[in-house]
Amino acid sequence: MPPKSKSKSKPAAAGGGLSRLLAIFAVMTGLLSAVVWLVEQNLDKFYIFDIDHLGDVSKRAIAAHGNNTREVVSYIVSELNERSPAHVNLEEDWVFNNAGGAMGAMYIIHASVTEYLIVFGTAVGTEGHTGRHTADDYFHILSGVQLAYVPGEYEPEVYPQGSVHHLRRGDVKQYKMPESCFALEYARGWIPPMLFFGFADGLSSTLDIPTLWKTTRITGREMIGNLLKGKL
Ligand SMILES: *[C@@H]1O[C@H](CO)[C@@H](O)[C@H](O)[C@H]1NC(C)=O
């Protein structure tokens with residue numbers, strides 16, 4: 001009989017620990033929600049890239065270098081680096097990206113909590129789901145053509161070289177790059193939730209661990225590096 005009373009006090013102690021943990025969790029959740037709410041109200045104060053400038057520099061780069069996309073990218077990145085040297089990754093380090101069934105590669109120019117800027121594309125074409133994101137996405141076509149489809153339409157949206165495809169926060173489309181196509185992709189809003197979409201195909205389908213690791217390493221380095229410089 002005595003062992004029974006002993007075992008009775010144990011769950012009570014564990015319950016005390018658990019409720020303390022839950023209380024801490026509740027407070028942390030409350031604090032985090034408050035921070036998220038505050039940032040959400042002032043999201044545009046955190047942005048360092050300018051949408052009009054990105055469109056303008058893309059057009060000038062194409063005018064200067066035509067279909068020499070390597071030079072187009074280099075023109076854009078060096079101008080961005082002149083404007084915000086602390087937040088631009090000059091190391092043109094390409095990594096595969098599988099997301100929403102589409103495959104291509106990307107060069108991460110900037111990644112922070114509220115913005116990312118990459119060159120995304122493929123030399124062989126691809127097709128997939130855009131993903132439903134917590135950020136606005138501006139896809140500046142540097143070379144090739146991108147097509148997009150929205151249910152209910154019977155004609156594709158066509159985005160040629162020099163145009164911008166704006167995918168609004170929360171919207172989804174089917175997209176296709178029928179042939180070689182590269183774009184300067186700029187997303188602004190909440191970037192961390194987008195990473196789940198960016199990693200899902202790698203974790204569930206390709207199981208390409210070195211690519212996943214490289215993506216994590218570059219994204220983490222850029223996001224944390226920017227945070228340490230006070231760039232959310
Ligand atoms: C790039 O190549 C495509 C296809 O050949 C062509 O239609 C387009 O005009 C070229 N763009 C430039 C800026 O030279």
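Residues numbered from 1 in each chain as written. Predicted model: local features only at pLDDT ≥ 70, side-chain atom pairs only at ≥ 80, totals over all residues.

The name recorded for the protein chain in an unreviewed UniProt entry is C-8 sterol isomerase, from Clonostachys byssicola. As its UniProt record puts it under Pathway (unreviewed entry), the protein chain is described as follows: "Steroid metabolism; ergosterol biosynthesis." As stated in UniProt under Subcellular location (unreviewed entry), the record for the protein chain gives "Endoplasmic reticulum membrane". (UniProt positions renumbered as here; feature names shortened; annotations may be inferred.)

**A short note on the overall build of the protein chain**
Scanning the protein chain from terminus to terminus reveals 5 helices and 10 strands. Relative to the globule expectation of 17 Å for 232 residues, the C-alpha radius of gyration of the protein chain, 22 Å, shows a markedly less compact shape. Counting only C-alpha atoms, the protein chain reaches 85 × 40 × 35 Å along its principal axes. Relative to its full complement of 232 residues, the protein chain shows a buried share of 30%. Contacts spanning at least 24 positions in sequence make up 69% of the contacts within the protein chain whose residues lie at least 6 apart. (Helix = DSSP H or I, 4+ residues; strand = E, 2+ residues; numbered from the N terminus. Rg over C-alpha atoms; globule rule 2.2 N^0.38 Å. Buried ≥ 20, exposed ≤ 12 C-beta atoms within 10 Å, placed from the backbone. Contact = placed C-beta atoms within 7 Å.)

**Considering the site of the ligand**
Around the ligand lies a shell formed by Ile 62, Gly 66, Asn 67 and Gln 161. Each residue belonging to the shell around the ligand can be placed in one class, and the counts come to 1 nonpolar, 3 polar and no charged. (Near = placed C-beta within 6 Å. Nonpolar A, V, L, I, M, F, W, Y, C, P; charged D, E, K, R; others polar.)

**Concerning helix α4 (residues 194-206)**
Taking 1.5 Å as the rise per residue, α4 with 13 residues should run 18 Å; its terminal C-alpha atoms sit 18 Å apart, in good agreement. The largest bend in α4 is about 25 degrees, located at Ala 200. At its buried positions, α4 is contacted by β1 (94-99) and α5 (209-228). Remark: Leu 207 follows α4 within two positions and exhibits a positive phi of approximately 50 degrees. (Expected span 1.5 Å × (residues − 1). Bend = angle between axes of the 7 residues up to and from the residue.)

**Notes on the pairing of strand β6 (residues 146-149)**
Two elements, β6 and strand β7 (residues 157-159), share 3 bridges in a ladder whose sense is antiparallel. Paired with Ala 148 across the strands is Glu 157, a residue of β7. Pairing of β6 with strand β9 (residues 174-177), which is carried by 3 bridges, proceeds in the antiparallel orientation. When the sheet's bridge partners are listed, Ala 148 is paired in β9 with Tyr 175. (Pairing = 2+ DSSP bridges.)

**A word on the nonpolar core**
Within soluble globular proteins, side chains that are nonpolar generally end up buried alongside one another. Ile 76, Met 106, Ile 109, Ile 118, Val 119, Leu 142 and Ala 183 are the most contacted members of the largest nonpolar core, which totals 35 residues. In terms of residues, this core owes the most to one element, strand β10 (residues 181-189), which gives 6 residues. Setting aside its immediate chain neighbours within four residues, Ala 183 contacts Phe 120, Gly 121, Phe 139, His 140, Ile 141, Leu 142 and Gln 146. (Core = buried A, V, L, I, M, F, W, Y, C linked by C-beta atoms within 7 Å.)

**As for helix α3 (residues 69-83)**
Here α3 is 15 residues long and its end C-alpha atoms lie 21 Å apart, about the 21 Å a rise of 1.5 Å per residue gives. Buried residues of α3: Thr 69, Val 72, Val 73, Ile 76, Val 77 and Leu 80, and no others. For α3, the buried positions fall inside an angular range of 120 degrees around the axis, keeping them on one side. In this structure, α3 carries Arg 70 and Glu 82 as exposed residues pointing more than 90 degrees from its buried face. The secondary structure elements touched by the buried residues of α3 are α2 (51-65), β2 (102-111), β3 (115-122), β5 (135-143) and β10. (Arc of directions from axis to C-beta.)

**Section: the environment of Tyr 149**
Along the polypeptide, Tyr 149 turns up in strand β6. Given 15 C-beta atoms within a 10 Å radius, Tyr 149 is considered partly exposed. Setting aside chain neighbours within four positions, we find Tyr 149 in contact with Pro 156, Lys 173 and Gln 174.

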